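Per-entry structural report
These are the residues of each chain, in order.
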Amino acid sequence: MSPHSTSARPHTAHEHRTAEAGPRTGGPGPAPSAPPTGLRTLVVGAGAAGTALVRDLGRAPEFGLAPIGLLDDDPAKAGQSVDAAPVLGTLAELTELAVRHRAQVVALAIPGLAPQRVRALATAAAAAGAAVRYLPSFLAALRREVVGSDMRSLDVNRLIGRHEVHVVSADVRDVIEGRRVLVTGAGGSIGSELCRQVHAFNPSALYMLDHDESNLHRLQLEIWGEALLTDDSLVIADIRDRPRIQQIFRDLEPDVVFHAAAHKHLPLLERHPSEAVKSNVLGTDHLVEAALATGVERFVLISTDKAADPTSVLGASKRLAELIVQANARDARNLGTGVFSAVRFGNVLGSRGSLLSVLAEQLRSGGPVTITHPDVTRFFMTIEEAVGLVLESGRMAHGGEVFVLDMGEPVRIVDLVHNFAEQVQLGRDEVEIRYTGLRAGEKLNEALFSEGEERLPTAHARIYATVAESASGPDDLAGGLTGLYAAAAGNSDEEVRRRLAELLPGYRTAEAEPAPVPALSTPYPDGF
């Protein structure tokens with residue numbers, strides 16, 4: 001895993017555009033009232049649904065959305081205001097006005113829009129770095145007293161114990177627009193959302209890599225509205241296959257790589273550690289090697305908070321992936337061949353296989369909700385926050401950092417279960433909770449940084465970073481990885497655990513823990 005510098009394209013630093021609102025001709029700016037207390041929200045549609053939504057959101061601050069203006073194509077509505085939120089312009093000006101007025105969310109409130117128009121508006125919103133919220137059909141809205149209640153089926157702020165953070169900015173365009181972007185693990189829930197947002201920033205090419213052809217077919221249909229499967233945008237490959245990965249990088253020559261492919265179910269990987277090493281460690285090594293050899297400008301690894309002082313095979317494998325990125329980042333930076341960094345996720349609400357989907361299924365079936373321990377806590381983030389962290393980190397990185405979103409205080413799983421139950425109209429006495437005990441590799445409380453890591457501020461107020469603890473290089477790390485890879489190739493799970501412990505001082509193997517108790521899987525985002 002030594003660095004390669006052949007065929008390197010020089011990295012170009014970009015100045016960051018300001019997102020401050022400026023003067024605009026042809027329409028009023030936002031009212032100079034008190035600053036909004038929620039995410040700055042631009043409402044598309046100033047008809048009955050849009051005006052009702054603005055008023056309802058004003059009366060329901062718990063939704064965390066603060067209207068700053070509306071858009072509508074009706075000339076008669078120009079200059080009008082709804083509860084101090086002015087009509088700022090037309091739908092064609094969505095991207096421009098969202099950037100100018102620093103919109104963090106765009107709410108589509110025009111019932112009956114054709115799917116093609118909805119996709120175009122969503123793309124325009126994402127191009128401004130804004131998340132998108134959809135209002136359901138008008139008939140569905142008529143059946144409820146408050147239109148705002150249709151914006152989300154759940155109050156996410158209550159579930160995660162804090163206000164949702166708007167992370168991504170329009171400046172991300174500087175590292176995406178006009179470049180060839182490769183996303184691994186593209187078919188998963190995080191990978192899919194990452195592809196949608198990258199697409200909105202107008203890359204010259206978007207390559208979506210996954211080993212699951214059905215997920216790729218679905219993703220292409222969602223992004224483009226058709227899935228003919230006849231172009232180069234879909235790439236079927238396994239990141240464990242080194243020659244195949246090298247071929248893909250030679251042929252496609254990506255400029256930016258977002259690496260989301262991984263095994264990530266903690267209890268399964270405790271039972272199958274060799275598979276964790278093959279995908280999470282060796283697969284990352286293959287990608288980093290190919291990226292260095294072909295001059296990739298920016299490479300971002302998606303990791304997990306379980307990599308901080310790991311106690312599980314999952315955490316250990318992702319920590320080694322981080323170390324591979326960091327070890328090669330120094331040489332890449334010295335050679336001017338690219339910027340390599342990583343991000344750590346908390347538990348992503350709404351991702352496939354996450355806590356909410358498991359919880360909803362258990363409540364639907366009438367069975368007890370299983371929790372490992374009454375005091376177990378986890379850090380939570382939304383899909384929008386997760387993808388925003390990836391994109392912003394790719395923009396801010398200088399090389400070798402691991403970026404982490406400030407997710408506030410960890411949330412007790414018991415409290416999240418009760419909040420969820422209340423929002424689906426279940427009383428506390430209607431929810432049976434069964435405690436099953438922590439299993440091998442599971443922590444009672446997660447941490448975002450290890451004890452030996454320093455939390456450093458970044459240009460984003462809610463994103464922190466840490467850098468490598470030691471000065472070891474790729475060759476130093478490679479010596480230990482060779483034996484680990486050999487053990488994994490031979491499916492020698494005990495040898496794999498022993499070598500993980502050797503490579504990561506302080507990591508304890510599963511055998512040192514109490515015998516596992518059958519339990520619900522630790523909630524963790526599936527399909528990055």
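Summarised in this report is the structure supplied together with it. (Residues numbered from 1 in each chain as written. Predicted model: local features only at pLDDT ≥ 70, side-chain atom pairs only at ≥ 80, totals over all residues. Heavy atoms only, no water.)

1. Brief notes about the sheet that holds strand β1 (residues 39–44)
- The strand order across the open sheet built from 6 strands is β3-β4-β2-β1-β5-β6, with neighbouring strands paired in mixed fashion. The two strands at the open ends of the sheet, each matched to only one other strand, are β3 (81–82) and β6 (131–134).
- Two elements, β1 and strand β5 (residues 105–108), share 4 bridges in a ladder whose sense is parallel. Within β5, the position partnered with Leu42 by the bridge is Val106. (Pairing = 2+ DSSP bridges. Helix = DSSP H or I, 4+ residues; strand = E, 2+ residues; numbered from the N terminus.)

2. Describing the environment of Leu113
- Structurally, Leu113 is set in the loop between β5 and α3 (115–127).
- Setting aside chain neighbours within four positions, we find Leu113 in contact with Val118 and Leu121. (Contact = heavy atoms within 4.5 Å.)

3. A look at unusual backbone geometry
- Phi at Ala84 is positive, roughly 70°, even though this residue is not glycine.
- By secondary structure assignment, the location of Ala84 is in the loop between β3 and β4 (85–89).
- Overall, Ala84 belongs to the exposed group, its relative accessible area being 51%. (Buried < 20%, exposed > 50% of the residue type's maximum accessible area, 1.4 Å probe, protein only.)

4. Brief notes about the sheet that holds strand β20 (residues 456–457)
- Across the sheet, 9 strands lie side by side as β9-β8-β7-β10-β11-β12-β17-β21-β20; this open sheet has mixed pairing. Only two strands of the sheet have a single partner each, and these edge strands are β9 (234–236) and β20.
- Here 5 bridges tie strand β7 (residues 180–184) to strand β8 (residues 205–210), and the two strands are oriented parallel to one another. For Val183, the partnering residue across the bridge sits in β8 and is Met208.
- Against the sheet, helix α9 (residues 242–252) contacts β7, β8, β9 and β10 (256–259), and its axis sits at roughly 160° relative to β9.
- Its contacts with the sheet put helix α14 (residues 383–396) on β10, β11 (298–304), β12 (339–345), β17 (402–405) and β21 (463–466), and the angle it makes with β12 is roughly 155°. (Axes fitted to C-alpha atoms, helices over the stretch in contact; angles between N-to-C directions.)

5. What to know about the pairing of β4
- β4 sits mainly inside the fold: 5 of its 5 residues count as buried.
- Relative to β4, strand β2 (residues 65–71) is paired through 2 bridges, and the arrangement is parallel. Across the sheet, residue Leu70 finds its bridge partner in β4, namely Val87.
- Bridge analysis of β3 against β4 gives 2 bridges, and the strand direction is antiparallel. Residue pairing for β4: Ser81 is matched across the bridge by Pro86.
- Adjacent in sequence and paired antiparallel, β3 and β4 are bridged by 2 residues, among which Asp83 carries a positive phi angle near 50°.

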